[in-house]
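Topology and contacts: notes
Listed below, chain by chain, are the residues.
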Amino acid sequence: MVMAIRNIVTFGDDVLTKKCRPVEKFDDRLNDLVNDLFETLYKSGGAGLAAPQVGILRRIAVIDIDENPIELINPEIISTEGSQTGAEGCLSNPGKYGIVTRPQKVTVRAQDRKGQWHEYTGEDLLARAFCHETEHLDGKMFMDLVEEWVEIEQQ
Ligand code: NI
């Protein structure tokens, strides 16, 4: 198995504004893409990465917070609770952080690379990542939700 680092497209590229299509084939190609997304995420030091950020218009995202890798294929947010307001960034808008209000607790339903459905519930940063990455799949960018831009050293 060969994994590859993919190029991350940055804000301004049209691909980030498109609605992604559902994944229908759970094949080797999907497996390779999910592996590449994780590799690219780890290389970049972010919390999450969505397929359109590497130019692929499919409903796929990966998240890893506190060494807890989660692959989200065809994700749907099924419930949210509370709210949190804090700094958020995006690998497609490097070095820029903005204050965004998100739900405090989010439950998402998604398939894995084999097509099995799972439900994940996350709070704090994980809840934020579920929202941010799912929105990428609908062509939405977090900057449209930013209340105020902030300077921080690292996310
Ligand atoms: Ni992002």
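Report follows, based on the coordinates. (Residues numbered from 1 in each chain as written. Predicted model: local features only at pLDDT ≥ 70, side-chain atom pairs only at ≥ 80, totals over all residues. Heavy atoms only, no water.)

1. Quick notes on the side chain of Glu71
Note the cut-off: For helices the rule is a DSSP run of H or I covering at least 4 residues; for strands it is a run of E covering at least 2, with both sets numbered from the N terminus onward. Three labels apply to residues, based on accessible area from a 1.4 Å probe with only protein chains included: buried if under 20% of the type maximum, exposed if over 50%, partly exposed otherwise in between. Contact definition: two residues touch when any of their heavy atoms are within 4.5 Å.
Along the chain, the position of Glu71 falls in strand E3 (residues 69-81). Judged by its relative accessible area of 13%, Glu71 falls in the buried class. Residues in contact with Glu71, not counting those within four places in the same chain, are Val34, Phe38, Ala61, Val62, Gln111, Asp112, Arg113 and Tyr120.

2. Some thoughts on the environment of Gly82
Examined against the element boundaries, Gly82 turns out to sit in the loop between E3 and strand E4 (84-88). Separated by 44 residues in sequence, Gly82 and Leu126 have C-alpha atoms that sit 14 Å apart. In contact with Gly82, other than residues within four places in its own chain, are Arg102, Pro103 and Gln104.

3. Remarks on the coordination of the nickel ion
Four donors placed tetrahedrally about a metal ideally form angles of 109.5 degrees, and six donors placed octahedrally ideally form angles of 90 or 180 degrees. Filter applied, for reference: Donor atoms: N, O and S within 2.8 Å of the metal, or within 3.2 Å for Na, K and Ca. Because water is excluded, sites can look incomplete.
The coordination sphere of the nickel ion, as far as protein atoms go, consists of Cys90 (SG), His132 (NE2) and His136 (NE2), spread over 2.0 to 2.3 Å. Read N to C, the donor residues that coordinate the nickel ion are spaced as C-x41-H-x3-H. Within this pair, whereas Cys90 is found in the loop between E4 and strand E5 (97-102), its partner His136 is found in helix H2 (residues 124-136), the two being separated by 46 residues in sequence. The same class applies to Cys90 as to His136, namely buried.

4. Section: the nonpolar core
Note the threshold: In this description, a nonpolar core means a group of buried Ala, Val, Leu, Ile, Met, Phe, Trp, Tyr and Cys residues linked to one another through side-chain atoms lying within 4.5 Å.
Leu30, Val34, Leu37, Leu49, Ile60, Val62 and Ile73 are the most contacted members of the largest nonpolar core, which totals 14 residues. Looking at this core, the elements with two or more residues in it are helix H1 (28-44) and strand E2 (60-64). For this core, the leading source of residues is H1, giving 6 residues. With residues near it in sequence (within four places) discarded, Leu49 still touches Ile8, Leu37, Thr40, Leu41, Val54, Ala61, Val62, Leu91 and Glu133. With 13 residues, the next largest nonpolar core counts Ile65, Ile70, Leu72 and Phe130 among its residues.

5. Quick notes on the state of the cysteines
This is how the line gets drawn: Count a disulfide wherever a pair of cysteine sulfur atoms falls within 2.5 Å.
What the rule picks out here adds up to 0 disulfides. In this structure Cys131 is not part of a disulfide, and its nearest cysteine sulfur, from Cys90, lies 14 Å away.

6. Quick word on the sheet that holds strand E7 (residues 117-123)
Picture the strands of a sheet paired through backbone hydrogen bonds; they go either parallel or antiparallel. Basically, it comes down to this: Should DSSP find at least two bridges between two strands, the strands are taken to pair. Lines fitted to C-alpha atoms define the axes here, with helix axes fitted over just the stretch in contact, and angles between the N-to-C directions of these axes take values from 0 to 180 degrees.
Ordered by their spatial adjacency, 5 strands build an open sheet running E1-E2-E3-E6-E7, and the pairing between neighbours is antiparallel. Of all the strands in the sheet, the pair left with one neighbour each is strand E1 (48-50) and E7. Here the strands of the sheet are splayed against their neighbours by 40 degrees on average, with no regard to which way each runs. Judged from the 5 bridges that link them, E2 and E3 form a sheet pairing that is antiparallel. Paired with Asp64 across the bridge in E3 is Pro69. Strand contacts of H1: E1, E2 and E3, with the helix running at about 40 degrees to E2, the strand carrying the most contacts. Across the face of the sheet, H2 comes into contact with E1, E2, E3, strand E6 (105-111) and E7 while running at roughly 125 degrees to E7.

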